[in-house]
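# Structure assessment
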Amino acid sequence: MAETTVENLSETDEVQEYTTETPAEEYTSESLPSAFGDPQPAAGTGRRKNAVARVRIIPGSGQWKINGRTLEGYFPNKVHQQEVNEPFKVLELDGRYDVVARINGGGISGQAGALRLGVARALNEADVDNNRGPLKRAGFLSRDARAVERKKAGLKKARKGTQYSKR
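Summarised in this report is the structure supplied together with it. This structure is a prediction, so every number in the text was calculated from the model and none was measured.

In this section: the sheet that holds strand E3 (residues 64-66). The strand order across the open sheet built from 4 strands is E1-E2-E4-E3, with neighbouring strands paired in mixed fashion. Each end of this open sheet is capped by a strand with a single partner; those strands are strand E1 (42-48) and E3. Mean inter-strand twist for the sheet, computed between neighbouring axes without regard to direction, equals 15°. The strands that helix H2 (residues 78-91) touches are strand E2 (51-59), E3 and strand E4 (97-104); relative to E3, the one it contacts most, it runs at about 140°. Against the sheet, helix H3 (residues 108-126) contacts E1, E2, E3 and E4, and its axis sits at roughly 150° relative to E1.

A separate point is unusual backbone geometry. We note that asparagine 67 has phi near 50°; this positive angle belongs to a residue other than glycine. Structurally, the position occupied by asparagine 67 is in the loop between E3 and helix H1 (71-74). Take asparagine 67: its relative accessible area is 24%, and that puts it in the partly exposed class. A positive phi angle is found at glutamate 92, which is not glycine, with a value near 55°. Classification of glutamate 92 as exposed rests on a relative accessible area of 70%.

Covered by surrounding structure in E1 are Ala42, Gly44, Gly46 and Arg48 only, the residues Ala43, Thr45 and Arg47 on the alternate face being uncovered. Of the pairings in the sheet, the one linking E1 to E2 comprises 7 bridges and is antiparallel in character. Among the inter-strand pairings, glycine 44 is bridged to a residue of E2, identified as valine 55. Between the end of E1 and the start of E2, which pair antiparallel, lie 2 residues, with lysine 49 showing a positive phi angle near 55°.

Turning our eyes to something else, we now look at the environment of phenylalanine 88. Along the chain, the position of phenylalanine 88 falls in helix H2. Given a relative accessible area of 4%, phenylalanine 88 falls into the buried group. Residue contacts for phenylalanine 88: discarding those within four places in its chain leaves Ile57, Trp64, Leu93, Asp94, Tyr97, Val99, Val119 and Leu123.

Within the structure shown, the criterion is met by 6 salt bridges. Residues aspartate 144 and arginine 48 are paired through a salt bridge, measuring 3.4 Å at the closest nitrogen-oxygen approach. Remark: arginine 48 occurs in strand E1 and aspartate 144 occurs in the segment after helix H4 (128-138); sequence separation between them is 96 residues. Connected via shared salt-bridge partners are Arg48, Asp144 and Arg146.

The rules we used
- Numbering of residues starts from 1 in every chain and runs along the sequence as written.
- This being a predicted model, a pLDDT of at least 70 is required before a residue's local features are given, and a value of 80 or more before pairs of side-chain atoms are given or counted; all residues contribute to the totals for chains, interfaces and linings.
- No hydrogens and no water enter the side-chain calculation; it runs on all heavy atoms of the structure.
- At least two bridges found by DSSP between two strands is the condition for calling them paired.
- Secondary structure elements follow DSSP: runs of H or I no shorter than four residues count as helices, runs of E no shorter than two count as strands, and numbering proceeds from the N terminus.
- To obtain each axis, a line is fitted to C-alpha atoms, and for helices this fit is confined to the stretch in contact; angles are then taken between N-to-C directions over 0 to 180 degrees.
- Contacts are assigned to residue pairs that have any heavy atoms within 4.5 Å of one another.
- Three labels apply to residues, based on accessible area from a 1.4 Å probe with only protein chains included: buried if under 20% of the type maximum, exposed if over 50%, partly exposed otherwise in between.
- One speaks of a salt bridge when a side-chain nitrogen belonging to Lys or Arg is within 4 Å of a carboxyl oxygen belonging to Asp or Glu.

What follows is the structure in structure tokens.
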């Protein structure tokens, strides 16, 4: 197989230029972003304490799949179910998206917080223009950075020392 170099290119050979932009005529109506209000699939990652939630939202009927289980099966506590659903309530999108999430690490409360942040970020990605303002005002796009403080050497816990004994 002969290699093509600049020297042996003839004047009739075409040199293609590669660009990162796609020509406008290659777009179809399916590949263009949809009009206002149409649900779009999106993904987001949420973290809280030691929990990490990877979330995908898909236009659907409001089904939840968390590590292969339903919302009620994974979070039996109603407070956690309510916390996770808050971004949908604020945007009035109840039942418009199916949620598929993978959660690991942390405890139940941290996982619920991580899932809420992941859902909010996914909704923000789905429609930035309409969803970002209400989600930001409600405080759902901020990561809660509070975590357990580590234990220090010479102490019983992170800050608790031994009790002083005079005698």
